[in-house]
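Read off the chains here:
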Amino acid sequence: MAEVVGLREARHEKACFLGRVSRAWKICEKVIPCFGWPSARTKSFSKPAARTAERLAIMSALIDKEQGLQRKLTRWQLTMIALGGAIGVGLFLGSAATIGIAGPGVVISYIFGAIIAMIMGYALAEMASVHPVAGSFGVYAEKYLSRWAGFSLRVSYWFAETIVIGAEVTAVGLYFGYWFPDVPSWVWIAGSSGLVLSVNAANVKMFGTVESWFAMVKVIAIVAFIILGGALIVGIRKPAIGLSNLTAHGGFLPHGWTGVWLALTLVITSYIGIEVIAVTAGEAEHPEESVPRALRGMVMRLIIFYVLAIFVIVAVTPWTSIAATGGRLGSSPFVNVFTEIGIPFAGGIMNFVVISAALTSVNTNLYLSTRMMFSLSRAGYAPRWLGRVDPRGVPLPALFASGAGMLVAIVLALKGQEAFLLLYGTAVAAMFFVWATILVTHIRFRRALPPERLQWLAIKMPGHPIGSILGIAVILALAVSTAFVKGLEWTVPLFLGWLALVTFFYLRNHR
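Definitions and cut-offs
Residues numbered from 1 in each chain as written. Predicted model: local features only at pLDDT ≥ 70, side-chain atom pairs only at ≥ 80, totals over all residues. Heavy atoms only, no water. Helix = DSSP H or I, 4+ residues; strand = E, 2+ residues; numbered from the N terminus. Buried < 20%, exposed > 50% of the residue type's maximum accessible area, 1.4 Å probe, protein only. Contact = heavy atoms within 4.5 Å. Areas by Shrake-Rupley, 256 points an atom, 1.4 Å probe, with all protein chains shown as cover. Patch = residues over 30% accessible without salt bridge, like charges linked within 9 Å, V, L, I, M, F, W, Y side chains within 5 Å. Salt bridge = Lys/Arg side-chain N within 4 Å of Asp/Glu carboxyl O. Axes fitted to C-alpha atoms, helices over the stretch in contact; angles between N-to-C directions. Parallel < 35°, antiparallel > 145°, perpendicular 65-115°, else oblique. Left-handed = near helix turned anticlockwise from the far one by under 90°. Nonpolar A, V, L, I, M, F, W, Y, C, P; charged D, E, K, R; others polar. Lys, Arg positive; Asp, Glu negative; His and termini not counted. Charge placed at Lys NZ, Arg CZ, Asp CG, Glu CD. Expected span 1.5 Å × (residues − 1). Bend = angle between axes of the 7 residues up to and from the residue. Phe/Tyr/Trp six-rings, centres within 6.5 Å; stacked < 30°, edge-to-face > 60°. pLDDT = per-residue confidence, 0-100.

Novice: Any chance you could break down the overall build of the protein chain for me, citing the residues and the numbers?
Specialist: The secondary structure content of the protein chain amounts to 20 helices and 0 strands. Taking all 511 residues of the protein chain together, the buried fraction comes to 54%. Here the analysis covers contacts within the protein chain between residues at least 6 apart in sequence; of these, 83% occur between residues at least 24 apart. Accessible area for the protein chain stands at about 22300 Å²; split by element, carbon and sulfur atoms hold 67% of it.

Novice: Give me the lowdown on the environment of glycine 230, citing residues and values where you can.
Specialist: With respect to the secondary-structure elements, glycine 230 resides in helix α9 (residues 204–234). Under the relative-accessibility criterion, glycine 230 is labelled partly exposed at 24%. Here the alpha-carbon distance between glycine 230 and alanine 315, two residues 85 residues apart in the chain, equals 9.2 Å.

Novice: How would you summarise a nonpolar patch on the surface if you had to cite specific residues and measurements?
Specialist: Judged by side-chain polarity, Tyr178, Trp179, Phe180, Val183, Trp186, Val187 and Phe352 come together as a nonpolar surface patch covering roughly 680 Å² of accessible area. Assignment of secondary structure puts tyrosine 178 in the loop between α7 (147–176) and α8 (185–201).

Novice: Please give an account of the packing of helix α6 (residues 136–144) against α7 that cites residues and values.
Specialist: Look at α6 against α7: their axes get within 6 Å of each other, and the N-to-C directions meet at 160 degrees. By the angle class used here, α6 and α7 are roughly antiparallel. Between α6 and α7 the crossing geometry is right-handed. Touching Phe137, Gly138, Val139, Ala141 and Glu142 of α6 are Arg147, Ala149, Gly150, Leu153, Arg154 and Tyr157, all from α7. Grouping the amino acids of the contact of α6 with α7 by side-chain chemistry returns 6 nonpolar, 2 polar and 3 charged.

Novice: Hey, could you go over the side chain of serine 109 for me, with residue numbers and the actual values?
Specialist: Mapped onto the elements, serine 109 comes out in helix α5 (residues 106–130). Judged by relative accessible area, serine 109 falls into the buried class, the value being 0%. Filtering out sequence-adjacent residues up to four positions away, serine 109 remains in contact with Ala102, Val260, Ala263, Leu264 and Val267.

Novice: How would you summarise a positive patch on the surface if you had to cite specific residues and measurements?
Specialist: Positive charge collects at one region of the surface, where Arg75, Arg293, Arg296 and Arg301 lie side by side. Top contributing element to the positive patch by residue count: helix α12 (residues 287–316), with 3 residues. Structurally, the position occupied by arginine 296 is in helix α12.

Novice: How would you summarise the packing of α9 against helix α15 (residues 346–378) if you had to cite specific residues and measurements?
Specialist: Contact pair α9 / α15: the axes reach a minimum separation of 9 Å and the direction vectors enclose 145 degrees. Read as a crossing pair, α9 and α15 show a hand that is left-handed. Counting all contacts with α9, which are made through Val204, Phe207, Glu211, Phe214, Ala215, Val217, Lys218 and Ala221, the residues of α15 involved are Phe352, Val353, Ser356, Ala357, Leu359, Thr360, Ser361, Asn363, Thr364 and Tyr367. When its residues are assigned to classes, the contact of α9 with α15 shows 11 nonpolar, 5 polar and 2 charged.

Novice: So what's going on with the environment of glycine 138? Residues and values would help.
Specialist: Considering the arrangement of structural elements, one finds glycine 138 in helix α6. You can call glycine 138 buried: its relative accessible area is 0%. For the pair glycine 138 and phenylalanine 151, spaced 13 residues apart in sequence, the C-alpha separation works out to 7.0 Å. Apart from residues no more than four positions distant in its own chain, glycine 138 is found in contact with Gly150, Leu153 and Arg154.

Novice: Give a detailed account of the pattern of salt bridges, specifying residues and quantitative values.
Specialist: This model, assessed by the stated rule, comprises 3 salt bridges. Note that glutamate 126 and arginine 446 form a salt bridge whose closest N and O atoms lie 2.8 Å from each other. Here glutamate 126, found in helix α5, pairs with arginine 446, found in helix α17 (residues 417–448); they are 320 residues apart in sequence, far enough to count as distant. Among the residues examined, glutamate 126 registers a relative accessible area of 0% and is labelled buried.

Novice: Let's hear about helix α10 (residues 256–271): which residues, and what values?
Specialist: With 16 residues, α10 extends 23 Å from end C-alpha to end C-alpha; this agrees with the ideal 22 Å at 1.5 Å per step. Where α10 bends most, at threonine 265, the angle is about 40 degrees. Among all positions of α10, only Gly259, Val260, Leu262, Ala263, Leu264, Thr265, Val267, Ile268, Ser270 and Tyr271 are buried. Count one or two residues on from α10 and you reach glycine 273, which has phi positive near 130 degrees.

Novice: With reference to specific residues and values, describe the packing of aromatic side chains.
Specialist: Inspection of every chain in the model, using the stated rule, returns 14 aromatic pairs. With a centroid separation of 5.0 Å and 80 degrees between ring planes, the pair formed by phenylalanine 137 and tyrosine 157 is classed as edge-to-face. With a gap of 20 residues between them, phenylalanine 137 in helix α6 and tyrosine 157 in helix α7 connect regions that are remote in the sequence. Classification of tyrosine 157 by relative accessible area gives buried; the value is 0%. Each ring, one from phenylalanine 176 and one from tryptophan 188, has its centre 4.4 Å from the other, and the planes form 10 degrees; the classification is stacked. Pair noted here: phenylalanine 176 is in helix α7 and tryptophan 188 is in helix α8, with a separation of 12 residues, a long-range link. Note on phenylalanine 176: relative accessible area 17%, which makes it buried. Taken together, the ring pairs in this structure connect Phe151, Tyr381, Phe505 and Tyr506 into an aromatic cluster.

Novice: Before we move on, can you summarise the confidence of the model for the protein chain with the specific residues and values?
Specialist: In the predicted model, the protein chain carries a mean pLDDT of 78, and the fraction of residues at 70 or more is 79%. Within the protein chain, the element-level pLDDT minimum falls on helix α1 (residues 2–31), averaging 48, and the maximum on helix α19 (residues 466–481), averaging 93. Predicted confidence for residues 24–52 stays below pLDDT 50, and this span has 26 contacts to residues more than four positions away or in other chains.

Structure below.
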């Protein structure tokens, strides 16, 4: 009798165990596809050619969903918009923080950052030339990885861009205080917000024209800075400063290679914005030709501008004095060079340049966040009315939704600075997530692309897939390293909380 009871208990325990395994497996079947892996029920054992044809057919359907935007951006406008989006106030003022971490060795940090930016640019250009849609990398991730990846990528990017917009608009109000200290900053914040909203509400051709000229101001300022700084180094009309500042005050690497690496966690954010060239592909003339050409011109110019400008800064001015100023406008290395060369009103000139830099970044970031919201709606992840466009091809509902997010970020920046700083750190980690996911998507994109289509690509990443794998490894390592950078300690933990929230929302509403 005891043996029979024991046998029944054993069978009962086995049945319970199998039941738990079955329930766990059902949960896994729902969650696993979120990360781009096929489940047991959905895994296809068809031939690679059939899977490729199926993916491309699905992508064509996605492109059809985003119809309504107008293709009016020229190649020159694409290049200038990308430069304007990537060159922000970080170079003019924020470079003091990275110089304080790495010393003159920050030049190496910018070179490393340029390599990662180049890898990212090539990956985006390849995919954008084949699939020119406004949803860009969000759409690519949806079909080459999973629906969860496409959803979380677009939502996280929209969130990050909105937070950055709030920071830059708030900064514009502070910069105007240099000229008008008695005028409340909210006046300038409201004015600049109205300006960028009106520019984005115009047709895309007007946006491209305004943004191109805004970006030109920054480019001219950087080129002038490099030329004048070079004159001070070699000694034209002034005693030569030489290169002694590169090795004085503790040597070229005063904080060792650790300083160079930790500075890279901030330097890499200076290159964030180049992804705009993929988003604008949805409204570009002849994107299969203009996007690759614009990318080549943009990446090379960006590297030259950043690396040479930083080199001039640490060569002309002792890095210790730069770090001590904290990037204040009146003590900016750009102002110092203009003053040394004898240009009057150097502070006022740089204030104009910095305001232009901030406004053009806000303008571009608002464009990006609007297109991400538009793409989310067209993909069925946001209310349908957010995907509407007016007769000029402008997604006004998505623009106003992004403008509302910008308003919340501005209020937080003005009234709740501690909360805003935590959100800004979360936005930095969100961009790490976006870049890493883009490179993972690129690897899957290359696998799915037919060989004959690969031969038609106007631009190809050299050494694929090594470049994408290297980029992913570096970005993940930088994300971990933020724990050792002052002010970024909570960046990754907070973003993981954000990603968990996004995933919960996705599983609840879009299974």
